[in-house]
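This is what each chain is made of:
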Amino acid sequence: MCTAHIVTPSEASRDFVQNTRITKKKLRELHGAMVDLVAIMNQPQRDQALLAEAGVSLDQALFRLLVGIERFGPIGVVELSDRAGRDYTTVSRQVAKLESLGLIERRPSPTDRRVHEAVITDKGRQVTDALDAARQRLAAPILARWSEEDFSDLVRLMRRFVDDLIASSSGTDKT
């Protein structure tokens, strides 16, 4: 009688690492780079510099949520707070503040009337457009030392990595 062995995700990961050029050291280096990136992105002075370059006067916590609403919206407060890694009640108050400033509006979700989604307004889009332009100006001196090919590779591989992480965490990974 033949019995089948079902490979678990942890076994598949172990086998993948053992049977490829990916080593524990390289995985640790990747994780270290990601931790460094998150730490740099979370520095308050970077947000201040970006807001100043954009000519935008907005609380740092609000501007991050505004950008999140622009990128992921329409979005409910629960999902926004999850993505921001912040408490729901805090994010709810901050979304209300963005609404009072005319930067977003809230409307009932077309799929679930119990949920109110945040959607960026034209005024809010003007702010995020100014932030995008400022981000480009601030990044230009750093990226000027990169070849077009290197930069394109970075964008492509980052997108692939993030998409694979999302698929893996949502259970839709086909590997």
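Quick caveat: nothing in here was measured; it's all calculated off a predicted structure.

What counts, and where the lines are drawn
Residues numbered from 1 in each chain as written. Predicted model: local features only at pLDDT ≥ 70, side-chain atom pairs only at ≥ 80, totals over all residues. Heavy atoms only, no water. Phe/Tyr/Trp six-rings, centres within 6.5 Å; stacked < 30°, edge-to-face > 60°. Lys NZ or Arg CZ within 6 Å of the ring centre and 35° of its normal. Helix = DSSP H or I, 4+ residues; strand = E, 2+ residues; numbered from the N terminus. Expected span 1.5 Å × (residues − 1). Buried < 20%, exposed > 50% of the residue type's maximum accessible area, 1.4 Å probe, protein only. Contact = heavy atoms within 4.5 Å. Pairing = 2+ DSSP bridges. Axes fitted to C-alpha atoms, helices over the stretch in contact; angles between N-to-C directions. Arc of directions from axis to C-beta. pLDDT = per-residue confidence, 0-100.

## With respect to the packing of aromatic side chains
Part 1 of the argument: Scanning the model with the defined rule gives zero aromatic pairs in all.
Part 2 of the argument: Sitting over the face of the ring of Phe72, Arg83 holds its NZ or CZ atom 3.8 Å from the ring centroid.

## Some remarks on helix H7 (residues 122-143)
Part 1 of the argument: The end-to-end C-alpha distance of H7 is 30 Å, a good match for the 32 Å that 22 residues give at a rise of 1.5 Å each.
Part 2 of the argument: Those residues of H7 that sit buried are Gly124, Val127, Thr128, Leu131 and Ala134.
Part 3 of the argument: Of the surrounding secondary structure, the elements contacted by the buried residues of H7 are helix H3 (44-54), helix H4 (60-72) and strand S3 (116-120).

## Remarks on the sheet that holds S3
Part 1 of the argument: Spatial ordering of the open sheet is given by S1-S3-S2, a layout of three strands whose pairing is antiparallel. Either end of the sheet is taken by a strand with one partner, and the two such strands are strand S1 (75-76) and strand S2 (104-108).
Part 2 of the argument: Bridge count between S2 and S3: five bridges; the pairing is antiparallel. Residue pairing for S3: Arg106 is matched across the bridge by Ala118.
Part 3 of the argument: Where H4 meets the sheet, its contacts fall on S1, S2 and S3, and the angle it forms with S3 comes to roughly 95°.

## Describing helix H6 (residues 88-100)
Part 1 of the argument: Taking 1.5 Å of rise per residue, the 13 residues of H6 would be expected to cover 18 Å, and the 18 Å separating its terminal C-alpha atoms lies within 8% of that figure.
Part 2 of the argument: Within H6 the residues assigned to the buried category are Val91, Gln94, Val95 and Leu98. Mapping the buried residues of H6 onto a view down its axis gives an arc of 105°, with all of them on the same face. Exposed and facing more than 90 degrees away from the buried side of H6 are Arg93 and Ser100.
Part 3 of the argument: For H6, the secondary structure elements touched by its buried residues are H4, helix H5 (77-84), S2 and S3.
Part 4 of the argument: Directly after H6, the chain includes Gly102, whose backbone phi takes a positive value near 80°.

## Considerations on the confidence of the model for the chain
Part 1 of the argument: Taken residue by residue, the chain gives an average pLDDT of 88. The fraction at 70 or more is 85%.
Part 2 of the argument: Mean pLDDT across the elements of the chain ranges from a minimum in helix H1 (residues 9-18), with 58, to a maximum in H7, with 96.

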